[in-house]
Amino acid sequence: MTTSGVLAVGEARVTVLGVRHHGPGSARAVRAELERLRPDAILIEGPPEADALVRHAPGLHPPVALLAHVPGAPSRAAFWPFAGFSPEWQAILYGVSAGVPVRFCDLPAAHTLAEEPRDGGEDEPPDARPADPIGTLAAAAGYDDPERWWEDVVEHRSGLGGDAQAHGSAAPWFEVIAEAMAAVRDGHVPGEREARREAHMRRTIRAALKQGHTRVAVVCGAWHVPALAGPQPSAAADNALLRGLPKVKAELTWVPWTYGRLASWSGYGAGVTSPGWYHHLFTVPDRPVERWLAEAAGVLRDEGLAVSSAHVIESVRLAESLAALRGRPLAGLSEVTEATRAVLCEGDDLAVELIQRRLVVGDRIGRVPDGVPMVPLQRDLRDQQRRLRLRPEALDNELDLDLRKPLDLERSHLLHRLRLLEVGWGTPGQARGKGTFRETWTLRWRPEHDLALIEHAALGTTVAAAATRRAADRAGGGSAALAELTALVEQCLLAELPEALPAVLAALSARAALDTDVTHLMAALPAMVRAHRYGDVRGTPAEGLAVIVRSMLDRIRIGLPVAVTGLDDDAAADLLKHIDAVHAAVALLAEHTEPAAEHTEPAAEHTEPAAEHTEPAAEHTEPAQHAEPAGRAEGERERWLATLRGLSDRQDLHGLIEGRLTRILLDCGELDDAGDRMSRAMSRGQAPARAASWVEGFLSGGGLLLVHDPRLLSLVDGWLTGLSGDQFTDVLPLLRRTFGAFAAPERRSIGERLRSAGHERDRGDAHDLDDRRAAGAVATVLSIIGRAPARTTEGER
């Protein structure tokens, strides 16, 4: 039995190089050993369907990944990531540059994707192998940290740390790894999936030898070395093991990857927690500790923190001293992190976290050139990214859009279309300006977005066409709820998909006509009103929206009196959210009729040169083309308020609903007896819990009303102070939730008002004291305590 990692077959030699899938020392050693061996064939752990993609490797910018997927089944996909410091990547680059055939030898993706949907990669079934073979070796060596053991023994040693050529060969280290894995695997029985994978690797090796190759190099995970270089099962046994495997159609391509994804999950089941650190070790073999700490100082300076060269020098000394004390050949990540925390960051954990995010993990994202096979949808998105100057990045990137500018409007359309296609590259935020022409997005590219584009490739060759088809399919499925359809209308308008609108509006009209649940109508109305408004603001026609909005609002007014009957606390709170949303939508509908006010923004907000606003000025001053007539919209508002007025006078309302309706009508100038209503709600005839609910509903719009209306504040104060101890304890959770929602300045102002009112009462009480009438009581008290009353003159009497 051989444990050297070399298998002799006649005159041919198969050298199996066991590696850690993402390790800078292993990557250097593999490259050096391949240059020494000069193989005539290189086999790499990975899906064989990707053999034709190897030729694109020199033009790729890692980190990248092989993406395997089953068309039409988005859950059946897997990624095989590669970084610049991955040994397999270095083997691919060597083979392509040297003209040596490079092939993948793992189980085909057609078989692995035919299994149950899984995260992808090489995770083994339970108990198929030791939980952590590296950890087993580390424990045997007396280490409690497998990562540190691997760095000390492999990554930081000269044989694998960049000086392999100077020392002659890295082969002894591969022999040591092979022997160690043979010891760990002694007595191990592979699980079914692992046995099939290793059987296919052996089959690929036999095929390479049969084709006449005599110097074959195999680059694979160290765990597999004994199975490939040790005693071999017969070819018939391996073929029998692989016979009858389930199979699906699998397609593969290269996609960009990120260091963040490499840190959290890997297609090899061997992700690394510090890809930025490993990238540094691989690209900076000379004085890596000094240069790393200098980069860390630069990150801190960029954030405005004072870090001098003396800090860097002292941190280097501390890292090297820690490594010497711990018997390490080179300061590792733990040592430089401790030195960074103690010296550069002066104990500030937030600064350490910044370096962890920026350097230890890193924000690097790979790039795939145009020559790599892509579906038309991917290529169209890439063309639009270039044209609109939107670069995909791995970190969050804030983007502010002014929709009056053609470039920003097109960017908005693209991001909204991608969201329809479930490509969440952009997440919309709250616009900072007051006008309707502002949008704020947070952009962050993730590798999964390419998979989503591939899965939706059948919908169209462009993003616009695919989004249009996707919207029409969602509307035509027949299962979409009313709220989903109204949100879809809004999405179509924001994404400028006029061809999808007729089908979506038809489905919406049919669903609204059949839906008898008033809460569904109330949940759907706000999005419809926003869609009607945005369609006008953006110049996107949406005929039929106004008719549907009016019809839904009429049905809400008719059904609301029934919906407010017999509600418990949870149902009342839920309905209250719908009432507030519909009220805001009705206000927006009325505001939408104003000719120019809605398009005005503070002058200071527009700091761009006037030349950038290429649209005619009249576009922002004329009434919206499809706006509702002012009289009709105002009539809708009056009818809605009339409905609320009728409800507010009912005696069977839940306290939360009644209080909120009172507040809405008061804010709209529809009530002049709010104080009387509050007095009745908090009278002694009302249960404290109901009174507290009424107060919660009334004050849910904010606490400024109590600051500016002394009578209402006095009523609430009097009610609270009149509660017994048990009653106060019962209503305290409601009161805490109500007043806790107020802004801090509002709470402070209310407290100051109450304190001032208390002082005034105290002064008034002191001024009203009748000394003559109190004299008798004072004399009695003084007698009880043994003191004689003071004599008074006749005049004082």
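Bear in mind that the values here come from a model prediction, so they are computed numbers and not experimental data.

An account of a negative patch on the surface is requested, with residue identities and associated values reported.
A cluster of acidic residues, Asp568, Asp569, Asp570 and Asp574, forms a negative patch on the protein surface. Positionally, Asp568 belongs in the loop between α23 (545–563) and α24 (569–591). In this structure Asp568 comes out as partly exposed when scored by relative accessible area, which is 47%.

Summarise the packing of helix α27 (residues 674–681) against helix α30 (residues 710–721); cite the residues concerned and give the values.
A pair of packed helices is characterised by two quantities: the angle between their axes and the separation of those axes. Here α27 crosses α30 at 0°, and the two axes come no closer than 10 Å. It follows from the interaxial angle that α27 and α30 lie roughly parallel. Facing α27, whose interface residues are Ala674, Gly675, Asp676, Met678 and Ser679, α30 presents Arg711, Leu712, Leu715 and Val716. For the contact of α27 with α30, a count of residues per class yields 5 nonpolar, 2 polar and 2 charged.

Provide a residue-level description of the packing of aromatic side chains, including the pertinent values.
Tallied over the entire structure, the rule returns 9 aromatic pairs. Ring geometry for Phe82 versus Trp89: centroids 6.1 Å apart, planes at 40°, classification tilted. Side by side, Phe82 and Trp89 carry an identical accessibility label, which is buried. Between Phe85 and Tyr259, the aromatic rings sit 6.0 Å apart at their centres with planes inclined by 50°, giving tilted as the arrangement. Of this pair, Phe85 sits in the loop between β5 (73–82) and α2 (87–98) while Tyr259 sits in helix α10 (residues 259–264); the two residues are 174 residues apart in sequence, bridging distant segments of the chain. Accessibility expressed as a relative area gives 0% for Phe85, which makes it buried. Tyr259 sits in the buried class, given a relative accessible area of 2%. The aromatic ring of Phe698 is capped on one face by Arg663, whose charged end is 5.9 Å from the ring centroid.

Break down the packing of helix α1 (residues 24–37) against α2 for me, citing the residues and quoting the values.
It is the contact of α1 with α2, at a shortest axis distance of 8 Å, that shows an interaxial angle of 30°. Here α1 is positioned roughly parallel relative to α2, judged by the angle of their axes. In the packing of α1 onto α2, the handedness of the crossing is right-handed. Contacts between α1 and α2 involve Ser26, Ala27, Val30, Arg31, Leu34 and Glu35 from the first element and Pro87, Gln90, Ala91, Leu93, Tyr94 and Ser97 from the second. Per-class residue counts for the contact of α1 with α2 are 7 nonpolar, 3 polar and 2 charged.

A description of the nonpolar core should follow, citing residues and the corresponding values.
In this structure, Val336, Val489, Met552, Leu560 and Trp640 are the most contacted members of the largest nonpolar core, which totals 121 residues. Top contributing element to this core by residue count: α24, with 9 residues. Grouped together as the second largest cluster of nonpolar side chains are 37 residues, Ala29, Val30, Ala217 and Leu252 included.

Hey, could you go over the sheet that holds strand β2 (residues 12–19) for me, with residue numbers and the actual values?
As summarised here, the arrangement of the 5 strands in space is β1-β2-β7-β3-β6, forming an open sheet in which the pairing is mixed. With one partner strand each, in any of the chains shown, β1 (6–9) and β6 (102–104) form the two edges of the open sheet. The mean inter-strand angle of the sheet, taken between neighbouring strand axes irrespective of direction, is 20°. Of the strand pairs in this sheet, strand β3 (residues 41–44) and strand β7 (residues 215–221) are connected by 4 bridges, and their pairing is parallel. Bridging across to β7, Ala41 finds its partner in Val216. Across the sheet, α2 lies against β2, β3, β6 and β7, angled at about 155° from β3, the strand it touches most.

I'd like a rundown of the pattern of salt bridges, residues and numbers included.
Under the counting rule described, the total for this entry stands at 39 salt bridges. Between Glu290 and Arg287 there is a salt bridge; the shortest N-O distance is 3.2 Å. We note a salt bridge from Glu303 to Arg358, for which the minimum N-O separation is 3.1 Å. Residue Glu303 is found in the loop between α12 (288–302) and α13 (309–325), and its partner Arg358 is found in helix α15 (residues 349–361); the two are separated by 55 residues along the sequence. Given a relative accessible area of 42%, Glu303 falls into the partly exposed group.

About the thresholds
- Residues numbered from 1 in each chain as written.
- Predicted model: local features only at pLDDT ≥ 70, side-chain atom pairs only at ≥ 80, totals over all residues.
- Heavy atoms only, no water.
- Patch = residues over 30% accessible without salt bridge, like charges linked within 9 Å, V, L, I, M, F, W, Y side chains within 5 Å.
- Areas by Shrake-Rupley, 256 points an atom, 1.4 Å probe, with all protein chains shown as cover.
- Salt bridge = Lys/Arg side-chain N within 4 Å of Asp/Glu carboxyl O.
- Lys, Arg positive; Asp, Glu negative; His and termini not counted.
- Charge placed at Lys NZ, Arg CZ, Asp CG, Glu CD.
- Helix = DSSP H or I, 4+ residues; strand = E, 2+ residues; numbered from the N terminus.
- Buried < 20%, exposed > 50% of the residue type's maximum accessible area, 1.4 Å probe, protein only.
- Axes fitted to C-alpha atoms, helices over the stretch in contact; angles between N-to-C directions.
- Parallel < 35°, antiparallel > 145°, perpendicular 65-115°, else oblique.
- Contact = heavy atoms within 4.5 Å.
- Nonpolar A, V, L, I, M, F, W, Y, C, P; charged D, E, K, R; others polar.
- Phe/Tyr/Trp six-rings, centres within 6.5 Å; stacked < 30°, edge-to-face > 60°.
- Lys NZ or Arg CZ within 6 Å of the ring centre and 35° of its normal.
- Left-handed = near helix turned anticlockwise from the far one by under 90°.
- Core = buried A, V, L, I, M, F, W, Y, C linked by side-chain atoms within 4.5 Å.
- Pairing = 2+ DSSP bridges.

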